[in-house]
Amino acid sequence: MTSRDNRRLDLILAASIIAFVALPWYRIRSGFFSFDWLTDLLASEKLWPGLIQALSGKWQLWPILALVAATLYLRLRRAPGARGKALIAIGVAGLIWMVSEGLAIGLRGWNWGLLETAFGDVTGQQAFGAGAVVVGTFFALLIAFGAAERGALKGDAFVLGSITLLALLVAVFVLYPLISMFTGAFQRFDGSFTTEGVSRNIIDPKIWSLSCLVGGNCGVAWRTFFLAICTATGSTFLGLVFALVATRTGFRFKKSLRLLTVLPIITPPFVVGLALTMLLGRSGSLTHVIESATGWELGRWLYGLTGIWIAQMLSFTPISFLVLIGVVDGISPSMEEASQTLRSDRWRTFRKVSLPLMAPGLANAFLIGFIESMADFGNPLVLGGSGGVLSTEIFFAVVGAQNDPARAAVLATVLLVFTLSAFLAQRLWLTGRNFATVTGKGDGGRHISLPRRVAYPAITIAVAWAVFTLTVYAMILFGGFVKVWGLDHSLTLQHYIRAFGISWEDGLRWTGVAWDSFWTTMEIALIAAPLTAAVGLLTAWLIVRQNFPGRSVFEFALMMSFAIPGTVIGISYIMAFNLPPLQMTGTAAILIACFVFRNMPVGVRGGVAAMSQLDGSLDEASLTLGAGSARTMRKVILPLMRPAILAALVYSFVRAITSISAVIFLVSAKYNMATAYIVGLVENGEYGIAIAYSSVLILVMITVIGGFQLLVGERRLRRREGFGSSASPTRKVALA
């Protein structure tokens, strides 16, 4: 192990020295990967690496240089078994110093007058750049490698390094923005401390009123909670129905049903709300048909919680389906066949064996539906009417006439309590239960078909929901080919030509008004999707398979980014990353970071559900045969988690394209996302171009999702016919 420990330390030490000597220490406005800075590296003081910055008078960098030098001394003078504690100390000291000096010193010097009084004037500094990021990562890995040399977690450096880096990322991109936002709730505009705003809002009856029990209007907290329960229950039920029809019936059109379940999730939410308004609103097409046929006066029933619930069911059922399809398909057929061998019929087998084994997937689907409903912004904004929910109330508290950050912080705290309570309830329900059905042992037979008393209602519900979904999407498609939706239905292609026009004069030219935001959106989404899937599934593996201190706290911290509404995430990112030490506003990096850490929990929950079905003996067998944790993860776990990988890729890619609540605060003139551009079109009354743009996005997302499916492939477990037959994974597990 000595040579391996030294190789790891040599690698990160070399990277830190190169970063300190050759890379710009502070942020480059044009972007590091443009590489324009190479020609001006020595001429411009802002581009100097850390070593030159230190020699030129920035004394705050000297402790960092000293710590890197101390690490080099330990590498040359001490053996791996005798330096672990010292490496941990250097790593902790380095991170603390970088955070302290980064927060204390701003563009114009000290950020707080007390420091200036105590230490005198200091030269201001820019936000951290590539050199500082690499050195900060070096200090974090020093902690992990030092702990590995001391024998923590059996000395597994891969596991310790993964935990350390993920904890650092969560601290930077989840906790730090939230702390920045909540700190603002206790500050006046002049920066002084006050509790007046928080005290006033925490007891506001508009938040907590239960007058709906006696015929009045409920407070916004209880309205949101009731809506989330209804949405989570309905979306989980429909997701299970579609998963069962797709895997356990002989329904002829189940491949088409799979496509229909994905369609709503790849549509901007306000477009679904707009289509529902044109279909079921006061002057909607279907409303006129019903009123003419029955004579009923339907009124404005769609605007309020009912309309939001329908839109959320359309939007979030696909998420439940993506979570549940792998769980339903992963149940071992041999267990169902064993039940039938003991003379249980198909109904009893389904009720007593199959359904209980789906518990992790059902719990995760419900949790995701609950949190998605709580954090939804687009649907309530379009269909909420006078009945707002927490997410819209937070938005108006910040950007509306109220301009009350204290109220926004209180509402966000209420939302966080609800979502984390649901997460805790799910954990308590699943604690102590074992749902593993995929092991290294033989697995024979096929899944049993659904009993008729389940199959017929499931197919009926799936077909009915599919017809409703098709009707809504027909309205969306129709809106892109008419002059004025709802008024002048003359057919035209003008909206598509104006949005995505191409000129061949003097070469190929992208003349459409939507092209700039379209290419920006595709680039950012394709970068964010694999990063989200990788971080989410790695986190799921650590949570399920590794037992380390603070694991529950770590998991709670991950869920916070998913539980907080996108409006709050966007505002907190602006407050945290608009100034040093991490200045990212107006860049593609802040959008990518927002998407990764906003959507990562879905990959985590899907991965946890899938990992719950993989027996731990698979990992143990791989480790016993000499494979390390990294190789076991790559060769054993990942091939068996293909459904979870695909779900994470699809969801993160789609959300990067369709998200609006956080994006609306983070876009810039250079990096304008599709949804923000579409909102601008809707505000200007250009509904035709907005619908045409949305239709093109839907087609593009379907194409890319198909590409992800081909790239990832399917998890196929080879199962022979008959009872007691052996089986083996189609993909061989290589450990040698």
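Residues numbered from 1 in each chain as written. Predicted model: local features only at pLDDT ≥ 70, side-chain atom pairs only at ≥ 80, totals over all residues. Heavy atoms only, no water.

Novice: Help me out: how do you make sense of the overall build of the protein chain in this one?
Specialist: The number of helices and strands found in the protein chain is 32 helices and eight strands. Within the span of the protein chain, comprising 736 residues, buried residues form 55% of the whole. By sequence separation, contacts in the protein chain at least 24 residues apart represent 74% of the contacts at least 6 residues apart. Accessible surface, the protein chain: about 33,000 Å² in total, of which carbon and sulfur atoms supply 63%. (Helix = DSSP H or I, 4+ residues; strand = E, 2+ residues; numbered from the N terminus. Buried < 20%, exposed > 50% of the residue type's maximum accessible area, 1.4 Å probe, protein only. Contact = heavy atoms within 4.5 Å. Areas by Shrake-Rupley, 256 points an atom, 1.4 Å probe, with all protein chains shown as cover.)

Novice: Explanation requested: the packing of aromatic side chains in the structure shown.
Specialist: In this description, an aromatic ring pair is defined by two values, namely the gap between the centres and the angle between the planes. Scanning the model with the defined rule gives 26 aromatic pairs in all. Ring centres of Tyr-677 and Tyr-693 lie 6.0 Å apart, and the angle between their planes is 65 degrees; on these two criteria the pair is classed as edge-to-face. Here the residue Tyr-677 occupies a position in helix α31 (residues 674-683), and Tyr-693 occupies one in helix α32 (residues 687-712), the gap between them amounting to 16 residues. Within the aromatic cluster, the residues linked to one another by ring pairs are Phe-500, Trp-510, Trp-515, Phe-518, Trp-519, Tyr-677 and Tyr-693. (Phe/Tyr/Trp six-rings, centres within 6.5 Å; stacked < 30°, edge-to-face > 60°.)

Novice: Help me understand empty space enclosed by the protein, please; the structure alone is not making it clear to me.
Specialist: Space left empty within the atom packing is revealed by a probe, the size of a water molecule, rolled over the atoms. Counted according to the given criterion, the structure contains four cavities of 30 Å³ or more. In this structure, the second largest cavity occupies an estimated 150 Å³ of space. In terms of lining, the second largest cavity is formed by 17 residues, of which the most central are Leu-322, Val-323, Gly-606, Ala-644 and Ala-647. Residue classes in the lining of the second largest cavity are distributed as twelve nonpolar, four polar and one charged. (1 Å grid on protein atoms, 1.4 Å probe; cavity = no way out; pocket = protein on both sides within 12 Å on 5 of 7 lines; lining within 4 Å. Points joined across faces, edges and corners; volume = space filled by probe spheres on them. Nonpolar A, V, L, I, M, F, W, Y, C, P; charged D, E, K, R; others polar.)

Novice: Which parts of the structure should I look at to understand the confidence of the model for the protein chain?
Specialist: If pLDDT is low for a region, its predicted coordinates should not be looked at in detail. Mean pLDDT over the protein chain stands at 81; residues scoring 70 or higher make up 89%. Mean pLDDT per element in the protein chain: strand β8 (residues 727-729) is the minimum at 42, and helix α6 (residues 130-149) is the maximum at 95. With pLDDT under 50 throughout, residues 719-736 is counted as low confidence; its partners more than four residues away or in other chains account for 46 contacts. (pLDDT = per-residue confidence, 0-100.)

Novice: Can you help me understand unusual backbone geometry in this one?
Specialist: Peptide bonds are mostly trans, and most non-glycine residues show a negative phi. The omega torsion across Pro-580 and Pro-581 is 15 degrees, close enough to zero to call that bond cis. Take Pro-581: it is sitting in the loop between α25 (566-577) and α26 (588-611). Of note, Leu-153 is a non-glycine position whose phi angle comes to about 50 degrees, a positive value. Mapped onto the elements of the fold, Leu-153 is located in the loop between α6 and α7 (157-185). According to the relative accessible area criterion, Leu-153 is partly exposed, its value standing at 26%. If you check the backbone angles, Lys-154 has positive phi at about 60 degrees while not being a glycine. Residue placement: Lys-154 occurs in the loop between α6 and α7.

Novice: Even after reading the chapter, I still don't get a positive patch on the surface, so can you show me in this structure?
Specialist: Taken together, the side chains of Arg-348, Arg-351, Lys-352 and Arg-453 present a region of like positive charge at the surface. Looking at which element gives the most residues to the positive patch, the answer is helix α16 (residues 346-357), with three residues. Following the sequence through the fold, Arg-348 ends up in helix α16. (Patch = residues over 30% accessible without salt bridge, like charges linked within 9 Å, V, L, I, M, F, W, Y side chains within 5 Å. Salt bridge = Lys/Arg side-chain N within 4 Å of Asp/Glu carboxyl O. Lys, Arg positive; Asp, Glu negative; His and termini not counted. Charge placed at Lys NZ, Arg CZ, Asp CG, Glu CD.)

Novice: Quick question: what am I supposed to make of the nonpolar core here?
Specialist: Across soluble globular proteins, nonpolar side chains have a tendency to be buried as a group. Formed by 181 residues in total, the largest nonpolar core has its most connected members in Leu-276, Met-358, Phe-518, Tyr-573, Phe-653 and Leu-697. If we skip the residues at most four places from it in the chain, Phe-518 touches Phe-500, Tyr-693, Val-696, Leu-697 and Val-700. Within the second largest apolar cluster, 34 residues are counted, among which are Leu-47, Leu-74, Met-98 and Phe-128. (Core = buried A, V, L, I, M, F, W, Y, C linked by side-chain atoms within 4.5 Å.)

Novice: Teacher, can you tell me more about the environment of Gly-304 here?
Specialist: Counting through the fold element by element, Gly-304 comes out in the loop between α13 (285-294) and α14 (305-329). The exposure class of Gly-304 is buried, given its relative accessible area of 10%. Sequence-wise, Gly-304 and Val-389 are 85 residues apart; in three dimensions their C-alpha atoms are separated by 9.8 Å. When near neighbours in sequence (up to four residues on either side) are disregarded, Gly-304 contacts Leu-383 and Gly-384.

Novice: Looking at this structure, how should I read the packing of helix α3 (residues 62-77) against α6?
Specialist: Taken N-terminus to C-terminus, the directions of α3 and α6 make an angle of 45 degrees; their axes are 12 Å apart at the nearest point. The orientation of α3 relative to α6 falls into the category oblique. Note on packing geometry: the crossing formed by α3 with α6 is left-handed. Contact residues: Ile-64, Leu-67, Val-68 and Thr-71 in α3; Val-135, Phe-138, Phe-139 and Leu-142 in α6. For the contact of α3 with α6, the class distribution of residues is seven nonpolar, one polar and no charged. (Axes fitted to C-alpha atoms, helices over the stretch in contact; angles between N-to-C directions. Parallel < 35°, antiparallel > 145°, perpendicular 65-115°, else oblique. Left-handed = near helix turned anticlockwise from the far one by under 90°.)

Novice: When you look at the pattern of salt bridges in this model, what are you seeing that I'm missing?
Specialist: Pairing is possible between side chains that carry opposite charge, provided their charged atoms lie close to one another. One pass over the structure, following the stated rule, counts six salt bridges. A salt bridge links Asp-204 to Arg-407; the nearest nitrogen and oxygen atoms lie 2.7 Å apart. Pair noted here: Asp-204 is in the loop between α8 (196-202) and α9 (205-208) and Arg-407 is in helix α20 (residues 405-430), with a separation of 203 residues, a long-range link. For Asp-204, a relative accessible area of 15% gives the class buried.

Novice: What should I look at first to understand the environment of Ala-499 in this one?
Specialist: Counting through the fold element by element, Ala-499 comes out in helix α22 (residues 494-500). Residue Ala-499 is classed as buried on the basis of its relative accessible area, which comes to 0%. Counting along the chain gives 193 residues from Ala-499 to Ala-692, while the straight-line C-alpha distance between them is 7.5 Å.

Novice: Can you help me understand a nonpolar patch on the surface in this one?
Specialist: Together, Ile-502, Trp-504, Leu-508, Trp-510 and Trp-519 make up a nonpolar patch on the protein surface, roughly 610 Å² of accessible area in all. Tracing the sequence through the fold places Trp-510 in strand β6 (residues 509-510).

Novice: What's the story with the environment of Leu-274 in this structure? I'm lost.
Specialist: Considering the arrangement of structural elements, one finds Leu-274 in helix α12 (residues 269-280). Remark: the alpha-carbon pair of Leu-274 and Val-382, spanning 108 residues in sequence, is separated by 7.1 Å.

Novice: What exactly am I supposed to notice about the side chain of Arg-83 here?
Specialist: Residue position: Arg-83 is located in the loop between α3 and α4 (84-104). Apart from the residues lying within four places of it in its own chain, the contact partners of Arg-83 are Asp-5, Asn-6, Leu-9, Leu-74, Arg-75, Arg-78 and Glu-149.

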